[in-house]
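Summary of structural features
As a plain string of letters, each chain reads:
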Amino acid sequence: MTDDRNTMSCAEFQAQLPELIGSGADASTHPHLQSCELCRALLADLETIAEAARQLFPVVEPPDALWKHIEPAIKDESTDVEPDAEKKKDKKK
Ligand SMILES: [Zn+2]
């Protein structure tokens, strides 16, 4: 029978798993998991590992987003400090 056209094999599912997880999709809703306890367990393991990895290596914010926070702070400081520094230089001259 060709029933297994609808039921993905474990190998096929596991080959897609990194992409599924990487894409941010909820891999736990995948149809294959509804019928496969083995892969459900595998996914649970992977999520445990991924969670541990997140704690070890916190997700780095995209530089652009980070810069939006940093840039104003730098500008604030430099406008505070610069006039003072300029005056000191002027006095010396
Ligand atoms: Zn499976």
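Residues numbered from 1 in each chain as written. Predicted model: local features only at pLDDT ≥ 70, side-chain atom pairs only at ≥ 80, totals over all residues. Heavy atoms only, no water.

A look at the coordination of the zinc ion
- Within the protein, the zinc ion binds to Cys10 (SG), His32 (NE2), Cys36 (SG) and Cys39 (SG); these donor distances fall in the range 2.0 to 2.3 Å.
- For the zinc ion, the 4 donor atoms in the first shell make angles of 100 to 120° at the metal, so the coordination geometry reads as tetrahedral.
- One chain supplies every donor to the zinc ion, and in sequence these donors are spaced C-x21-H-x3-C-x2-C.
- Owing to a relative accessible area of 9%, Cys36 belongs among the buried residues under this scheme. (Donors = N, O, S within 2.8 Å, 3.2 Å for Na, K, Ca; no water. Tetrahedral: all angles 85-135°; square planar, octahedral: opposite > 155°, others 65-115°. Buried < 20%, exposed > 50% of the residue type's maximum accessible area, 1.4 Å probe, protein only.)

With respect to the packing of helix 1 (residues 10–22) against helix 3 (residues 37–56)
- Running from N to C, helix 1 and helix 3 cross one another at 30°; their axes reach a closest spacing of 11 Å. Here helix 1 is positioned roughly parallel relative to helix 3, judged by the angle of their axes. Considering only the axes of helix 1 and helix 3, their crossing is right-handed. Every residue of helix 3 that contacts helix 1 at Cys10, Phe13, Gln14, Leu17 and Ile21 is listed here: Leu38, Cys39, Leu42, Leu43 and Leu46. (Axes fitted to C-alpha atoms, helices over the stretch in contact; angles between N-to-C directions. Helix = DSSP H or I, 4+ residues; strand = E, 2+ residues; numbered from the N terminus. Parallel < 35°, antiparallel > 145°, perpendicular 65-115°, else oblique. Left-handed = near helix turned anticlockwise from the far one by under 90°. Contact = heavy atoms within 4.5 Å.)

Here's the deal with the pattern of salt bridges
- Here the structure, examined in full by the defined rule, presents 2 salt bridges.
- Where Glu51 meets Arg54, a salt bridge forms, and the shortest distance between an N and an O atom there is 3.1 Å. A residue pair is termed a helical-turn pair when its members lie 3 or 4 positions apart in one helix, as Glu51 and Arg54 do in helix 3 at 3 residues.
- You can call Arg54 partly exposed: its relative accessible area is 45%.
- With its nearest N and O atoms 3.8 Å apart, the salt bridge here joins Glu71 to Lys75. With Glu71 and Lys75 both in helix 4 (residues 63–92) and 4 residues apart, this pair spans about one turn of that helix.
- The class of Glu71 is partly exposed, set by a relative accessible area of 31%. (Salt bridge = Lys/Arg side-chain N within 4 Å of Asp/Glu carboxyl O.)

Quick word on the side chain of His32
- You can see His32 is positioned in helix 2 (residues 31–35).
- Since its relative accessible area comes to 7%, His32 is described here as buried.
- Discounting chain neighbours no more than four positions away, the residues touching His32 are Met8, Ser9, Cys10, Phe13 and Cys39.

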